[in-house]
Amino acid sequence: MPAIRVSGLDRRVALSVHVAPYGMYRQALLGEDPELAAFAPQLILLALDARDAPIDLPLDSDEATVEAAVQARIDELRTLWRRARARYGAQVVQQTLVPADPLLFGSFEALVPAAPHSVIERLNTAIRAAARQEGVLLLDLARQAARLGHASGLADPVRWHRAKQLVSPALAPLYGDLVARIAGAVAGTSRKCTVLDLDNTLWGGVIGDDGLDGIRLGQGNATGEAFLAFQRYAAALGRRGIILAVCSKNNPEVAEEVFAKHPEMALRRGDIACFVANWNDKAGNLRHIAKTLNIGLDSLVFVDDNPAEREIIRRELPEVAVPEVTEDVSDYPAIVGAAGYFEAAGFTADDAARARSYALNAERQAALEQATDITGYLRSLAMKMTARRVGPAELPRVTQLINKTNQFNLTTRRYTDADTARFAADPDTLLLSLRLSDRFGDNGLIAVLMARPDPALPPASC
């Protein structure tokens with residue numbers, strides 16, 4: 001618990017933690033638990049392990065028998081998830097299962113349906129599929145265990161037999177951070193924007209000195225391929241909705257030429273929502289980027305190969321996340337990815353288009369700065385708002401919008417996917433999505449209106 005609370009503070013979330021008695025999670029969720037009810041949880045983590053209610057089948061069991069046993073376990077978990085939501089209105093997080101016992105068959109284990117590791121792998125696959133259907137989030141500890149290796153401090157037999165402790169004290173900080181990342185994503189504190197340096201960050205060399213043909217980028221040598229791999233990772237972040245910006249000490253015309261003319265660039269100028277290349281200090285430029293994109297400094301992640309620049313930003317702008325990258329760009333994707341800056345609690349089509357919408361916002365901001373009067377500027381936007389009843393395809397975005405905003409949520413209530421689906425289907429509830437477009441483009445779904453009759457008021461007369 002201390003690791004969870006400390007990690008929460010690092011993720012800008014103050015976490016109060018309640019732990020049910022060991023092994024009593026069914027009783028706590030299905031029965032009456034006064035302490036849990038008084039605690040009123042907003043997030044419920046089912047931190048189960050592979051030895052809890054194991055699926056113990058004869059090793060010669062066929063596929064159908066194993067599948068039926070796995071399905072029965074998933075049905076039980078679904079019941080617990082639904083009860084947790086219905087009773088507490090909490091976001092449920094399910095932990096995947098870490099194998100605790102050694103392989104029985106070696107590499108042949110995956111080919112034996114009822115072998116212990118095969119059953120756990122199948123169960124984890126089913127948990128992931130069911131969680132996606134039920135709107136449950138995952139703490140995917142099984143993937144972390146596979147990445148960290150056997151000696152990671154997970155499912156250590158000594159710790160297990162002495163204290164039934166799945167996570168060793170040495171690994172507690174990482175586990176706490178994994179929990180805090182999810183809590184932060186639910187609370188809306190995940191980072192939104194990656195700000196990238198150029199020289200020796202997106203390509204090898206200095207474009208102002210080496211020229212377009214002299215920088216190292218792309219196929220043909222290991223260094224160039226490493227820079228290309230980092231660009232591809234940044235581009236993938238952009239496709240999932242992370243805003244991309246550039247902050248570089250460079251002549252802007254020279255810097256932008258690389259995006260336009262170098263054949264090996266994985267990133268293009270259109271991928272960058274805010275492009276700042278000048279000789280000003282980078283702290284000031286980061287402030288400008290945040291203002292232009294209309295996001296907070298605490299939404300930025302700044303990636304720069306220069307340790308002096310990194311240290312200046314940490315000192316001048318402590319709200320900005322600054323990963324400590326190595327001298328080898330090959331490590332950049334893993335370092336940025338492992339830090340958990342961009343933990344998500346959902347993904348919609350509007351999320352994928354977010355980077356483009358922020359680029360359009362930057363264009364609007366530039367037009368505003370050139371305008372002579374605000375009324376004329378607003379009229380020139382030719383804004384058009386449409387309101388319509390929420391359809392099935394919009395439900396994930398509606399839930400996300402309700403839960404991630406604070407100042408414009410007039411009730412402060414939070415709802416799950418199941419709640420919004422129920423409201424949309426209720427003939428006595430008005431659930432509207434509001435979309436806004438203008439001459440620059442489509443802003444997407446920007447607001448939600450939910451209204452229900454107040455039984456205290458007299459019925460309206462015709």
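Structure first, text after, so check above.
Residues numbered from 1 in each chain as written. Predicted model: local features only at pLDDT ≥ 70, side-chain atom pairs only at ≥ 80, totals over all residues. Heavy atoms only, no water.

Asker: Where do I start with the sheet that holds strand β2 (residues 91-95) in this structure?
Answerer: Note: strands within a sheet are paired through backbone hydrogen bonds, in either parallel or antiparallel orientation. Across the sheet, three strands lie side by side as β1-β2-β3; this open sheet has parallel pairing. Single-partner strands in this sheet number two, and they are β1 (43-46) and β3 (137-139). Neighbour-to-neighbour, the strand axes of this sheet turn through a mean angle of 25°, independent of strand direction. Looking at chain direction, β2 and β3 are connected through three bridges and run parallel. Directly across from Val93, in β3, lies its bridge partner Leu137. (Pairing = 2+ DSSP bridges. Helix = DSSP H or I, 4+ residues; strand = E, 2+ residues; numbered from the N terminus. Axes fitted to C-alpha atoms, helices over the stretch in contact; angles between N-to-C directions.)

Asker: Just checking my understanding: could you explain the sheet that holds strand β5 (residues 243-249) for this structure?
Answerer: Taken in spatial order, the four strands make up an open sheet running β6-β5-β4-β7, and their pairing is parallel. For this open sheet the edge positions go to β6 (274-278) and β7 (300-303), each flanked by a neighbour on one side alone. Geometrically, the sheet is characterised by an average inter-axis angle of 20° between neighbouring strands, direction not taken into account. The sheet contact formed by β5 and β6 spans five bridges and is parallel. Bridged to Ser248 within β6 is Ala277.

Asker: Help me understand a nonpolar patch on the surface, please; the structure alone is not making it clear to me.
Answerer: Side chains of Leu59, Leu104, Phe105, Phe108 and Leu111 sit close together on the surface and give an oily, nonpolar patch of about 510 Å² of accessible area. You can see Leu59 is positioned in the loop between β1 and α4 (63-88). (Patch = residues over 30% accessible without salt bridge, like charges linked within 9 Å, V, L, I, M, F, W, Y side chains within 5 Å. Areas by Shrake-Rupley, 256 points an atom, 1.4 Å probe, with all protein chains shown as cover. Salt bridge = Lys/Arg side-chain N within 4 Å of Asp/Glu carboxyl O.)

Asker: When you look at the side chain of Thr201 in this model, what are you seeing that I'm missing?
Answerer: Position of Thr201 among the secondary structure elements: in the loop between β4 (193-196) and α9 (207-210). We classify Thr201 as buried; its relative accessible area is 0%. Of note is the side chain of Thr201, whose polar atom sits 3.0 Å from the side chain of Asp197. Residues contacting Thr201, with those up to four places away along its chain left out, are Phe227, Phe230, Val303, Asp304, Asp305, Val329 and Tyr332. (Buried < 20%, exposed > 50% of the residue type's maximum accessible area, 1.4 Å probe, protein only. Polar contact = N/O pair within 3.5 Å; in protein donor to acceptor, adjacent residues only side chain to side chain. Contact = heavy atoms within 4.5 Å.)

Asker: What is the right way to look at helix α12 (residues 282-293) in this model?
Answerer: Think of an α-helix as turning once every 3.6 residues; residues three or four places apart then point the same way. For α12, spanning twelve residues, the distance from its first C-alpha to its last is 16 Å, which sits close to the expected 16 Å at 1.5 Å a residue. Listed as buried for α12 are Lys282, Ala283, Asn285, Leu286, Ile289, Ala290, Thr292 and Leu293. Sitting at the amino-terminal end of α12 is Asp281, which places a side-chain oxygen 3.4 Å from the backbone nitrogen of Ala283. In the segment just after α12, Asn294 is the residue with positive phi, at about 60°. (Expected span 1.5 Å × (residues − 1).)

Asker: Which parts of the structure should I look at to understand the packing of aromatic side chains?
Answerer: Note on aromatic pairs: each is described by the distance of the centres and the angle between the planes. Going through the model one piece at a time under the given rule, you end up with five aromatic pairs. Seen in terms of ring centroids, Phe230 and Tyr332 are 5.3 Å apart; in terms of plane orientation they differ by 85°. Their pairing is edge-to-face. Of the two residues, Phe230 is situated in helix α10 (residues 222-239) and Tyr332 in helix α14 (residues 332-338); the sequence distance between them amounts to 102 residues. In this structure, Phe230 and Tyr332 share a single accessibility class: buried. For the pair Phe259 and Phe275, a centre-to-centre distance of 5.4 Å together with 80° between the ring planes defines the contact as edge-to-face. Note that Phe259 is positioned in helix α11 (residues 252-261) and Phe275 in strand β6, a separation of 16 residues in sequence. One exposure class covers both Phe259 and Phe275, and it is buried. (Phe/Tyr/Trp six-rings, centres within 6.5 Å; stacked < 30°, edge-to-face > 60°.)

Functional significance is not addressed by these values, which are geometric in nature.
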